[in-house]
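Letter by letter, the chains look like this.
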Amino acid sequence: MKSLFDVQGKVAVVTGGSSGIGAMMARGLIENGARVYITARKEERLMAMAAELSEMGECIAIPADLSKVEGIEALVAAIGEREEKIDILINNAGANWSASIEDFPESGWDKVMDINIKSIFFATQKFLPLLKASGSADEPARVVNIASINGIRNSGMPTYAYTASKSGVIKLTEHLATDLAQYNINVNAIAPGLFPSNMTKQIVENDGMTKMALSQIPRGRMGAPEDIAGTALYLCSRASSWMIGQTLALDGGMIARP
């Protein structure tokens, strides 16, 4: 029982790992003994985060644009040169766009869909050989997709593409889970609520908006790094080896409110 949450020696890839919850999950894995590759499009910020995380363990940064299949293939090739297998793939890279329904642009819609949902499918597809090489009946490989509670309920904000994409992540997770179980690959998802990140800074940096948001959360606070890191460790360890196709709402009870 003491080794249920052990990820020592595992190889993980965290997309969107240069900031926010991606960096939080990467740190949790690194501090618990995993070798972690982080990737993001903005190289300077990615390298700075890799340097910070490398003080706690093994972290390797590989810049990539995951909105394009060519970028995903380049990332997989770069990691494949270094590793014979990967044990964990966390599909976290994400984008948002807010505009009224009258003004919402096609470019914004495509940007969000390309990174939030298309990249999850094709990253999982392209990493499949490395994941298959890791998975066994006793210790399956893991894919963890990052959805959002806004894919479960209406946020009340004009983020139409984000809502649609994150809802799609939840259904895609179910579909991939049943298809990939035969290869000893477990697929699950996390639907975070309010965490401090670049995507939520408009709320977090405004006292009035923060107070209003917290009033909707029964636990009365934002998510902390330990919350998302602990949930990721659960989904990536022996503790969850019989769980597939599930989306865990990590929101302090926000969507459970009457």
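Each chain carries its own residue numbering, running from 1 in the direction its sequence is written. Only residues with pLDDT of at least 70 are given local features in this predicted model, and only at 80 or more are side-chain atom pairs given and counted; all residues enter the totals for whole chains, interfaces and linings. In computing side-chain properties, one takes all heavy atoms of the structure into account and sets aside hydrogens as well as water.

(A) Highlighting the side chain of Asn 188. By the criteria applied, helices consist of DSSP H or I runs no shorter than four residues and strands consist of E runs no shorter than two, each listed in order from the N terminus. Structurally, Asn 188 is set in strand β6 (residues 185-192). Any pair of N or O atoms that falls within 3.5 Å is considered a polar contact. Within protein, one atom must be able to donate a hydrogen and the other to accept it, and sequence-neighbouring residues count only if both atoms are side-chain atoms. In terms of polar contacts, Asn 188 uses its side chain to reach the backbone carbonyl oxygen of Met 243, at 2.8 Å. A polar contact is formed between the side chain of Asn 188 and the backbone nitrogen of Gln 246, at a distance of 2.9 Å. Contact between two residues is taken to exist if any of their heavy atoms lie within 4.5 Å; hydrogens are not considered. Residues contacting Asn 188, with those up to four places away along its chain left out, are Val 143, Val 144, Asn 145, Thr 173, Leu 235, Met 243, Ile 244, Gly 245 and Gln 246.

(B) Geometry of the side chain of Ser 237. The topology assignment puts Ser 237 in the loop between α8 (225-235) and β7 (247-250). In terms of polar contacts, Ser 237 uses its side chain to reach the backbone carbonyl oxygen of Leu 233, at 2.8 Å. If near-sequence neighbours (up to four positions away) are discounted, Ser 237 is found in contact with Leu 4, Phe 5, Asp 6, Val 7 and Arg 142.

(C) Structural view of a nonpolar patch on the surface. On the surface, Ile 101, Trp 109 and Tyr 160 cluster together to form a nonpolar patch covering roughly 310 Å² of accessible area. Turning to its location among the elements, Ile 101 is positioned in the loop between β4 (88-91) and α4 (106-134). Two distance rules govern patches: like charges are joined within 9 Å, and nonpolar side chains (Val, Leu, Ile, Met, Phe, Trp, Tyr) within 5 Å, applied only to residues with over 30% relative accessible area and no salt bridge. Exposure was quantified through the Shrake-Rupley algorithm and a 1.4 Å probe, taking into account, for residues, occlusion by the shown protein chains and nothing else. Any Lys or Arg side-chain nitrogen found within 4 Å of a carboxyl oxygen on Asp or Glu counts as a salt bridge.

(D) Structural context of the packing of helix α1 (residues 20-31) against α8. Geometry is summarised by axes, namely lines fitted to C-alpha atoms with helices restricted to the contacting stretch, and by angles between N-to-C directions that run from 0 to 180 degrees. It is the contact of α1 with α8, at a shortest axis distance of 8 Å, that shows an interaxial angle of 60°. Classified by the interaxial angle, the pair formed by α1 and α8 is oblique. Note that α1 runs across α8; the crossing there is right-handed. Contacts between α1 and α8 involve Ile 21, Met 24, Met 25, Gly 28 and Leu 29 from the former and Pro 225, Ile 228, Ala 229, Ala 232 and Leu 233 from the latter. Residues were grouped as follows: Ala, Val, Leu, Ile, Met, Phe, Trp, Tyr, Cys and Pro as nonpolar; Asp, Glu, Lys and Arg as charged; and all remaining residues, including Gly, as polar. Residues belonging to the contact of α1 with α8 are distributed by class as follows: 9 nonpolar, 1 polar and no charged. What sets the label is the angle itself: under 35 degrees gives roughly parallel, over 145 gives roughly antiparallel, 65 to 115 gives roughly perpendicular, and the rest give oblique. Crossings are assigned a handedness: left-handed for a near helix turned anticlockwise from the far helix by less than a right angle, right-handed for a clockwise turn.

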